[in-house]
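What follows is each chain in one-letter form.
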Amino acid sequence: MLRRPMDCVRKLSVSSENDSELPQSLATITFKCECQTVFGQELHICGNIEELGNWEPTKSPKMSTDETTYPIWSTLFEITLPVGMNIEYKYLIISQNGNYEWENISSAHRSITIRKPGQYVVMNKKGDESLKFKRIGKTPADEDDDDDVQGLKFDKGNNTEM
């Protein structure tokens, strides 16, 4: 499967009286997921925002991989959203015949909140609820600041920070 360039950026609309404040209050996210598949299967990410299909598998964006990056799959676009907005999501495999299989995790779904402006790469492993993230362009002054992303695990109705 060939990787398409990240030629489009999907954005949530954000209203503000002062447009100069917008770059200060936005975060950009690229999702990556380690997932084993078989020929003909595609990995998708589905979630609670329009860019992730609003929990409709048929509208969920396909992720991309190739022979040099497999089994790491990446979103084909970046999501730009307001800092502090919660995103809920889950990965699913869609077969050539249209059947889909949600990832099997104990939580109802994955959930993250970006707390600071910037560009982020969020890394998951299908079926593993751990969350890794990297803030791109982080300055040395930011190195001790690890609270950029809050990952929540939903288990039995309780929210606990990971």
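Residues numbered from 1 in each chain as written. Predicted model: local features only at pLDDT ≥ 70, side-chain atom pairs only at ≥ 80, totals over all residues. Heavy atoms only, no water.

## Notes on the overall build of the protein
- Each helix and strand in the protein was counted, giving zero helices and 13 strands.
- Seen in sequence order, the protein has helices and strands lined up from the N terminus as β-β-β-β-β-β-β-β-β-β-β-β-β.
- The contacts of the protein with a sequence gap of at least 6 include a subset with a gap of at least 24, amounting to 64%. (Helix = DSSP H or I, 4+ residues; strand = E, 2+ residues; numbered from the N terminus. Contact = heavy atoms within 4.5 Å.)

## What to know about the nonpolar core
- In this structure, Phe31 and Tyr89 are the most contacted members of the largest nonpolar core, which totals 23 residues.
- The residues touching Phe31, leaving out its near neighbours within four places in the chain, are Ile45, Met63, Trp73, Ser74, Thr75, Ile79, Tyr89, Tyr91, Ile112 and Val122. (Core = buried A, V, L, I, M, F, W, Y, C linked by side-chain atoms within 4.5 Å. Buried < 20%, exposed > 50% of the residue type's maximum accessible area, 1.4 Å probe, protein only.)

## Quick notes on the pairing of strand E2 (residues 26–34)
- Alignment of E2 against strand E6 (residues 77–82), held across four bridges, turns out to be antiparallel. Residue pairing in the sheet places Ile29 in a bridge with Ile79 of E6.
- Bridge analysis of E2 against strand E10 (residues 118–125) gives eight bridges, and the strand direction is parallel. Note that in E10 the partner of Ala27 across the bridge is Gly118.
- In this structure, E2 lies alongside strand E5 (residues 72–75), joined through three bridges in antiparallel fashion. Paired with Cys33 across the strands is Trp73, a residue of E5. (Pairing = 2+ DSSP bridges.)

## Some points on the side chain of Thr65
- Note that Thr65 resides in the loop between strand E4 (63–64) and E5.
- On the basis of relative accessible area, Thr65 is assigned to the buried category, the value being 4%.
- From its side chain, Thr65 meets the backbone nitrogen of Tyr70 in a polar contact 3.3 Å long.
- For Thr65, the side chain forms a polar contact with the main-chain oxygen of Ile72, separated by 2.8 Å. (Polar contact = N/O pair within 3.5 Å; in protein donor to acceptor, adjacent residues only side chain to side chain.)

## Structural notes on the pairing of E5
- Of the pairings in the sheet, the one linking E4 to E5 comprises two bridges and is antiparallel in character. Looking at E5, one finds that Ser64 is bridged to Ser74.

## Points about the packing of aromatic side chains
- Per the stated rule, a full pass over the model turns up four aromatic pairs.
- When the centroid spacing of 6.2 Å and the interplanar angle of 90° are considered together, the rings of Tyr100 and Trp102 count as edge-to-face.
- In textbook terms, an aromatic cluster arises when at least three aromatic residues are bridged by ring pairs, as seen for Phe31, Tyr89 and Tyr91. (Phe/Tyr/Trp six-rings, centres within 6.5 Å; stacked < 30°, edge-to-face > 60°.)

## Observations concerning the side chain of Asn124
- In this fold, Asn124 is placed in strand E10.
- Look at Asn124 and you get buried, because its relative accessible area is 3%.
- At a separation of 2.7 Å, a polar atom in the side chain of Asn124 contacts the side chain of Tyr91.
- Discounting chain neighbours no more than four positions away, the residues touching Asn124 are Lys32, Cys33, Glu34, Tyr89, Tyr91, Arg110, Ser130 and Leu131.

## A look at unusual backbone geometry
- The omega angle of the peptide bond from Tyr70 to Pro71 is 15°, so this bond is cis rather than trans.
- Within the element layout of this structure, Pro71 appears in the loop between E4 and E5.
- Although it is not a glycine, Asn54 adopts a positive phi angle of roughly 50°.
- Positionally, Asn54 belongs in the loop between strand E3 (42–47) and E4.
- Even without a glycine there, the phi angle at Trp55 is positive, about 65°.
- Following the sequence through the fold, Trp55 ends up in the loop between E3 and E4.

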